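# Observations on the model geometry
Each chain, letter by letter, is given below.
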Amino acid sequence: MPGMVSEWNRRVGTENRSHMTGRVAGKVAFITGAARGQGRSHAVRLAEEGADIIAMDICRSIQGVPYDGPSPEDLAETVKQVERLDRRIVAIEADVRDQEAVSAALARGLDRFGRLDIVAANAGISSAPHPAQDIPDDVWTTMLDINLSGVWRTCRAAIPHLVAAGHGGAIVLTSSAAGLQPYANVAHYVSAKHGVVGLMRALALELAPHNIRVNTLHPTQVDTPMIMNDSTYRLFRPDLSHPTREDFAPASQAMNALPLPWVEARDVSNALLFLASDEARYITGVALPVDAGALIT
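Note that this is a predicted model, so its numbers are computed, not measured. Each chain has its residues counted from 1, following the order in which its sequence is written. Per-residue local features of the predicted model are confined to residues with pLDDT of at least 70, and side-chain atom pairs are confined, for both listing and counting, to 80 or more; whole-chain, interface and lining totals are unaffected and use all residues. Note: side-chain values were computed over all heavy atoms of the structure, leaving out hydrogens and water.

### A few points about the environment of F236
Here F236 is to be found in helix 8 (residues 230–236). Along the primary structure F236 and A251 are separated by 15 residues, whereas in three dimensions their C-alpha atoms are 6.2 Å apart. In what follows, residue pairs with any heavy atoms lying within 4.5 Å of each other are defined as contacts. Residues in contact with F236, not counting those within four places in the same chain, are Q221, F248, A251 and M255. Secondary structure counts use DSSP, requiring at least four H or I residues in a row for a helix and at least two E residues in a row for a strand, with both numbered from the N terminus.

Spelled out as structure tokens, the structure:
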């Protein structure tokens, strides 16, 4: 099944790339967590459709997160992929837990490009599973500080520029299927991702008079390093001492109504592109699942 899904996504991706239409031509996007995974995919997809990119990522591992973080080389690869599309990109290493660093990263991009149109607050982490009462204090704090407060800090840095420019804009916050329904043993992740929805709804109301739209994305499992690691495999297959990607696939499949175990990052990027484009010019305050039907199972 995973092989069939990969082939399907390869063909769909090829078809998408052959029909570039400049849906965000001339716009500038600020993307956090851009070194790899969904963030890199967002940068490339928006660049394919004409956007220039301000890419930010921490580019190091984070204490307490049970998989390796992105590297400077990962961020450099995002730069290469965007530049191959003849688009411009500014890449900055910064941590969403540091407001000054986030604001300075955005300022560097604004110095280069002179405008801001799209904000993709995508940076996030997963965590080892724990019953809620057993989550260590530092693990809880790190999760909320990155997955919720980091999203707020990204918006906090960007909103004054969008408002001052006076030409509207689109803010897309990455939540999760776990932002709309609960899952056991990841209460800290569920809490953060639900919080992102509340933030989105409040911002959508506050920013509507400025024609700035705010929406959330809610993926199911995505084939990225944040999901494809031993911690996730153990969460879904606690019956095995050393579960693998192949062991994880049927358990992940069981979450989804459609017959596939996970989606590709590009599937999420296509949804982000839609929300960022003028095709969605009257869509705000919406929680958009890209979930293979996970929320209806």
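### A word on the sheet that holds strand 2 (residues 52–57)
When DSSP finds two or more bridges between two strands, those strands count as paired. Spatially, the seven strands line up as an open sheet ordered 3-2-1-4-5-6-7, and their pairing is parallel. With partners counted over all chains shown, the strands left at the sheet margins are strand 3 (89–93) and strand 7 (287–290), one partner each. With strand direction ignored, the average angle separating the axes of adjacent strands in the sheet is 15°. Bridge analysis of strand 5 (residues 169–174) against strand 6 (residues 212–219) gives six bridges, and the strand direction is parallel. Within strand 6, the position partnered with T174 by the bridge is L217. Axis definition: a line fit to C-alpha positions, over the contact stretch in the case of helices; interaxial angles, taken between N-to-C directions, run 0 to 180 degrees. Sheet contacts for helix 7 (residues 187–207): strand 5, strand 6 and strand 7; angle to strand 6, the most-contacted strand, approximately 160°.

### Some remarks on the UniProt feature "coiled-coil region" (unreviewed entry) in the protein
UniProt positions are given in the numbering used here, feature names are shortened, and annotations may be inferred rather than shown by experiment. When the UniProt feature table is mapped onto this chain numbering, "coiled-coil region" (unreviewed entry) sits at residues 75–102. For residues 75–102, the end-to-end C-alpha separation is 16 Å, with 46% helix and 18% strand making up the annotated structure.

### Describing the layout of surface pockets
The pocket and cavity definitions rest on a 1 Å grid over protein atoms only: a 1.4 Å probe that fits but cannot leave marks a cavity, an open set with protein on both sides within 12 Å along at least five of seven lines marks a pocket, and residues lining either have an atom within 4 Å of a point. Grid points are joined across faces, edges and corners, and a volume is the space filled by probe spheres set on the points. As a volume, the largest pocket reaches approximately 870 Å³. Lining the largest pocket are 49 residues, and of these G124, I125, S126, Y189 and M226 sit closest to its centre. Of all the elements in the fold, those that place two or more residues in the lining of the largest pocket are helix 2 (37–48), strand 2, helix 7 and helix 8.

### Observations concerning the pattern of salt bridges
By convention in these notes, a salt bridge is any Lys or Arg side-chain nitrogen within 4 Å of a carboxyl oxygen on Asp or Glu. Scanning the model with the defined rule gives 14 salt bridges in all. With its nearest N and O atoms 2.8 Å apart, the salt bridge here joins R23 to E279. Of the two residues, R23 is situated in the loop between helix 1 (2–17) and strand 1 (28–32) and E279 in the loop between helix 10 (265–276) and strand 7; the sequence distance between them amounts to 256 residues. Assessed through its relative accessible area of 47%, E279 is described here as partly exposed. Measuring nitrogen to oxygen at the nearest pair gives 2.6 Å for the salt bridge that ties R153 to D145. Each member of the pair, R153 as well as D145, carries the same accessibility label: buried. One continuous salt-bridge network, built from bridges that share partners, spans R45, E48, E49 and R266. Each residue is placed in one exposure class: buried if its accessible area under a 1.4 Å probe, protein chains only, is under 20% of its type's maximum, exposed if it is over 50%, and partly exposed if it falls in between.

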